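Residue-level structural notes
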Amino acid sequence: MTHDSFSSARLAPRHDLKPSTSATVSAGAGPRHAPAELLARLRARADADPVTHVERVPARAGVPAPWPQWVPEELRAAFAGRGVVAPWRHQAEAAALAYDGQHVVVATGTASGKSLAYQMPALATLLADPRATVLYLAPTKALAADQLRAVTELELEGVRPACYDGDTPRAEREWIRRHSRFVLTNPDMLHHGILPGHGQWSGFLRRLTYVVIDECHTYRGVFGSHVAHVLRRLRRQCARFGSAPVFVLASATSGDPATAAERLTGLPVAAVTEDTSPRGGVTFALWEPPLLPSADTSSDAADLAPVRRSALRETADLLADTVAAGVRSLAFVRSRRGAEVVAANTRRALDEAVPGLGDRVAAYRGGYLREERRELERALLHGDLLGLASTNALELGVDLVGLDAVLICGYPGTRASLWQQAGRAGRSGQEALAVLVARDDPLDTYLVHHPEAVFGRPVEATVLDPANPYVLAPQLACAAAEAPLTPADLALFGDGAKEAIDQLVATGALRQRPTGWYWRHRERPQVDLRGEDGAPVVVVEAATGRLLGTVDGGSSHFLLHPGAVYLHQGVSYVVDELDLVDGCALVHVEEPDCSTHARDVTDVSVVSVRSYVDAGPVGMFLGEVDVTSQVVSYQRRRIATGEVIDTRPLDLPARELRTVAVWFTLSPESLAAAGVDPGDVPGGLHAAEHAAIGLLPLIATCDRWDIGGLSTALHPDTEAPTVFVYDGHPGGAGFAERAYGTAATWLRATRDAIAECACEAGCPSCVQSPKCGNGNNPLSKADAVRVLDVVLANLPS
């Protein structure tokens, strides 16, 4: 699977910044700016107006409800002390369902108070029953820490909330197991720590009353499928100890949340979806960075297509402007490296304008050590920081009160995530500004010129597939290691469980006995919930031995290959050595005048066809494929211009993946009839493949990092011109199925995005891809439109 890589471009000096006085002297937020005034100030910086659309999301009044009678006075007083005098109607409705024993999902907007919906029944029960316990699951450590603060500040006697995760000191873990009644953790710790040690948790599990699953819309794809089975394993252990907890789920607004929650938990779930909380107005701008003058584009003749200023550089400029104005701002960036680049460039620009002002900006991302993450969270909450460039680690739930602006660097992949990120600003009913800064790729370009695709459509349904055999079999092995599987467990784990168990028996992982199936090995199964292709790789400074951070195994070939430039808190390092066996990369401090971009080669072979549509000269297929990919080289590009300095070879092992793909074939005769010359077929297919990958997130809950592709004028398995788009996870993640089911809609949007682009021969906004292992060669924009016209003319709508 190929990956985008970001250029660590640095900003030119910003002599036009006019800092607010309070921004330089006060640790709190600066003066409030009306969103329209702030947007006008940002637009005035540009030579040509970069804003393609402004959407005004109106303010909304809240609809309160009385406290449920079962909420004790002590709990009401504690909430009142935190400023909650009464619940909103949706909070009371969801809480009542949960208290009555009904599994429930509350799916409402950002800052709508979903926490109160589960805190009411959970805490009321803990106060009424001194033996009851509650388990809270969050997808990120930051969110769990935020919820711990919220529950602790209620100061309820006997609740004893505590976080139990990978950062919890060993000395505290025994106390938490024995004494905490409100344990906050994450699916990874539940999988790796709590369930394997269920004997030590028997008292807690025996009295477990509620399981809270926060931000459950994030459990999608392979990760969501793994978590679905972790929850089934939890239910299995609870049943063994005699408990049957109520599941309360909180979700961002999503399509069909009840069905998604039922697939996640395996239980019937009621949905509360009407958001009755008050909301401040949001001014939401779509921002397209300007085209670079020809002198700033690559000198390589193959790269003469028009290139836009990068979204990273544009976001850094905007963040510098808002911080200089004293506006508390959060910039969301797609990658860890991108967050570092935006923060570093923002700090540099601010320090050039007002020395020391750059200290009010930082980066926040996964891979930091625990102490760094907690200090950044504290600094943001207390106003010591005015600007933060973050990955989606801060998208979820963390209560960032007082933010005035959110900058979103590139479409985050789904409308659900877009609104979650935009909702980080304007909390507590304040007016707010949100700006989506388009990357130079087909999807972002399509969206900023088709605002109805952003603002006029419902959010997507969450996609997960618990029946994925590459997920189900390892999870059944984990369950068997915890306690022997029995025939009664088959229904719990769902379709395909018996077949997966038979396969585990055949491979020697399980032994069948009259009483069930037993795990045969002394060590536990090693299963990564997040499908990240192995254990994380640690990044170590060679001269000092200092641990800088971690990178997931799947990304290490692209980000930590020898010679790669690695950024950590604004400091640039160069990789000396990548040891894949020991999972370690050695680096040294260096400030090269270049960025690095890994390139790979890919091969796809068809294993089986699950479904197909015969449309005459066009065939549309869904099936299993084997994908072989290898990072073979990397480019060094000048930071200032993007010019390619050189391409250097790499010697890294190939990686193999069996997954699910959607592909279409065309007859050579149909292409010739459409005006595609035989010599132009590879370029037309290649361009169509790039754009199709770029537009797939429009109809599936994936992003460009979840999928890969291949095109060829003659594939040995199909014996025809073919374009493949495949899921980048073992066994598939449900994205290819979604693409197959909505192929006409997906490919129509792809065709329109290419045809409507103003460039002549193809550019990053339509058919060029930053992920391309072939250096975007060959590509033919005009022939890509002709290819897609043939497909759409024959494919049933």
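Just so it is clear, the structure is predicted and the values come from calculations on it, not from any experiment. (Residues numbered from 1 in each chain as written. Predicted model: local features only at pLDDT ≥ 70, side-chain atom pairs only at ≥ 80, totals over all residues. Heavy atoms only, no water.)

This part covers the overall build of the protein chain. Counting its secondary structure elements, the protein chain contains 26 helices and 27 strands. Projecting the C-alpha coordinates of the protein chain onto the three principal axes gives extents of approximately 75 × 75 × 55 Å. The buried share of the protein chain, taken over its 797 residues, is 59%. Of the contacts formed within the protein chain by residues at least 6 apart in sequence, a portion of 75% connects residues at least 24 apart. Counting 75 positive and 94 negative side-chain charges, the protein chain places the centres of these two groups 6 Å from one another. (Helix = DSSP H or I, 4+ residues; strand = E, 2+ residues; numbered from the N terminus. Buried < 20%, exposed > 50% of the residue type's maximum accessible area, 1.4 Å probe, protein only. Contact = heavy atoms within 4.5 Å. Lys, Arg positive; Asp, Glu negative; His and termini not counted. Charge placed at Lys NZ, Arg CZ, Asp CG, Glu CD.)

Turning next to empty space enclosed by the protein. Evaluated as defined, the whole model comprises four cavities of 30 Å³ or more. There is about 70 Å³ of room inside the second largest cavity. In terms of residue class, the lining of the second largest cavity is built from eight nonpolar, four polar and no charged. (1 Å grid on protein atoms, 1.4 Å probe; cavity = no way out; pocket = protein on both sides within 12 Å on 5 of 7 lines; lining within 4 Å. Points joined across faces, edges and corners; volume = space filled by probe spheres on them. Nonpolar A, V, L, I, M, F, W, Y, C, P; charged D, E, K, R; others polar.)

Here the structure, examined in full by the defined rule, presents twelve aromatic pairs. Measuring from ring centre to ring centre gives 5.3 Å for F284 and W419, while their planes differ by 70°; the resulting arrangement is edge-to-face. Of this pair, F284 sits in strand β9 (residues 282-287) while W419 sits in helix α15 (residues 415-422), and the two are 135 residues apart along the sequence. The structure contains a cluster of three or more aromatic residues connected by ring pairs, namely Y612, F621, W663 and F724. Lying over the aromatic face of Y164, R173 brings its terminal NZ or CZ to 5.6 Å of the ring centre. Cation over ring: R513 sits above Y518, and NZ or CZ is 5.1 Å from the ring centre. (Phe/Tyr/Trp six-rings, centres within 6.5 Å; stacked < 30°, edge-to-face > 60°. Lys NZ or Arg CZ within 6 Å of the ring centre and 35° of its normal.)

Turning next to the confidence of the model for the protein chain. When pLDDT is averaged along the protein chain, the result is 87; 91% of the residues meet or exceed 70. Taken together, the stretch residues 1-15 has pLDDT below 50 and engages in 69 contacts with residues farther than four places along the chain or on a different chain. This model gives residues 20-31 a pLDDT under 50, and the stretch forms 30 contacts once residues within four places in sequence are excluded. (pLDDT = per-residue confidence, 0-100.)

This part takes up the sheet that holds strand β18 (residues 547-551). In spatial order, the strands read β18-β17-β21-β20-β19; together these five strands make up an open sheet with mixed pairing. Looking at which strands have only one partner, the edges of the open sheet turn out to be β18 and β19 (565-568). Along the sheet, successive strands turn relative to each other by an average axial angle of 35°, direction set aside. Note: strand β17 (residues 537-541) against β18, four bridges, orientation antiparallel. Counterpart to V540 in the pairing with β18 is L547. In the packing of helix α13 (residues 336-353) onto the sheet, contacts are made with β18 and β19, and the angle to β19 comes to roughly 65°. (Pairing = 2+ DSSP bridges. Axes fitted to C-alpha atoms, helices over the stretch in contact; angles between N-to-C directions.)

A separate point is the packing of helix α23 (residues 681-695) against helix α25 (residues 743-756). With their axes 9 Å apart at the nearest point, α23 and α25 run at an angle of 115° to one another. As for the relative orientation of α23 and α25, their crossing is right-handed in sense. Taken together, the residues of α25 that come into contact with α23 (itself represented by A688, A691, A692 and L695) are W746, L747, A749, T750, A753 and I754. Here the residues of the contact of α23 with α25 are counted per class, giving nine nonpolar, one polar and no charged. (Left-handed = near helix turned anticlockwise from the far one by under 90°.)

Enumeration over the complete set of coordinates arrives at 25 salt bridges. A salt bridge links E314 to R309, with the nearest nitrogen and oxygen atoms 2.7 Å apart. A relative accessible area of 8% places E314 in the buried class. According to the relative accessible area criterion, R309 is buried, its value standing at 17%. Put simply, D789 and R751 hold a salt bridge, and the shortest N to O gap is 2.9 Å. A residue pair is termed long-range when its members are at least 10 positions apart, and D789 in helix α26 (residues 781-794) and R751 in helix α25 qualify at 38 residues. Taking the relative accessible area as the measure of exposure, D789 reaches 31% and is therefore partly exposed. When salt bridges that share partners are traced, they join E174, R177 and R178 into one network. (Salt bridge = Lys/Arg side-chain N within 4 Å of Asp/Glu carboxyl O.)

Turning next to unusual backbone geometry. Positive phi, normally seen in glycine, also occurs at E155, with a value near 55°. Take E155: it is sitting in the loop between α6 (141-152) and β4 (161-163). Judged by relative accessible area, E155 falls into the exposed class, the value being 70%.

Once that is clear, we can look at the pairing of strand β20 (residues 571-579). As paired strands, β19 and β20 are joined by four bridges and run antiparallel to one another. By the bridge assignment for β20, H568 is matched with V571. Strand direction decides the pairing type here: β20 and strand β21 (residues 584-589), joined by six bridges, are antiparallel. Looking across to β21, one finds that D579 is bridged to C584. Hairpin connection, β20 to β21: the antiparallel pair is bridged by four residues, and G583 has positive phi, about 65°.

This next bit is on helix α18 (residues 469-482). Taking 1.5 Å of rise per residue, the 14 residues of α18 would be expected to cover 20 Å, and the 20 Å separating its terminal C-alpha atoms lies within 8% of that figure. Most of α18 is tucked away: ten of the 14 residues are buried. Looking at α18, one finds that the buried residues are V471, L472, A473, Q475, L476, A477, C478, A479, A480 and E482. Close packing links the buried residues of α18 with α8 (187-194), α10 (221-240), α19 (490-493), α20 (497-506), β15 (510-513) and β16 (516-519). With a side-chain oxygen lying 2.8 Å from the backbone nitrogen of Y470, the N-terminal cap of α18 falls on N468. (Expected span 1.5 Å × (residues − 1). Polar contact = N/O pair within 3.5 Å; in protein donor to acceptor, adjacent residues only side chain to side chain.)

Here we take up the side chain of T750. Along the polypeptide, T750 turns up in helix α25. Excluding anything up to four places from it in sequence, T750 contacts A688, A691, A692, L695 and L788.

Pairing in this open sheet of seven strands is parallel, and the strands run β4-β5-β3-β6-β7-β2-β8 from one edge to the other. Looking at which strands have only one partner, the edges of the open sheet turn out to be β4 and β8 (270-272). Across this sheet, the average inter-strand angle for adjacent strands is 15°, counted without regard to direction. Here four bridges tie strand β6 (residues 208-213) to strand β7 (residues 246-251), and the two strands are oriented parallel to one another. Within β7, the position partnered with V212 by the bridge is V248.

Counting residues in hydrophobic clusters, the biggest one holds 122 residues, and the most contacted among them are F284, F664, L696, W746 and L747. Once you skip the residues sitting within four places of it in the chain, F664 turns out to touch G619, M620, P721, T722, V723, L747, V787, L788 and V791. (Core = buried A, V, L, I, M, F, W, Y, C linked by side-chain atoms within 4.5 Å.)

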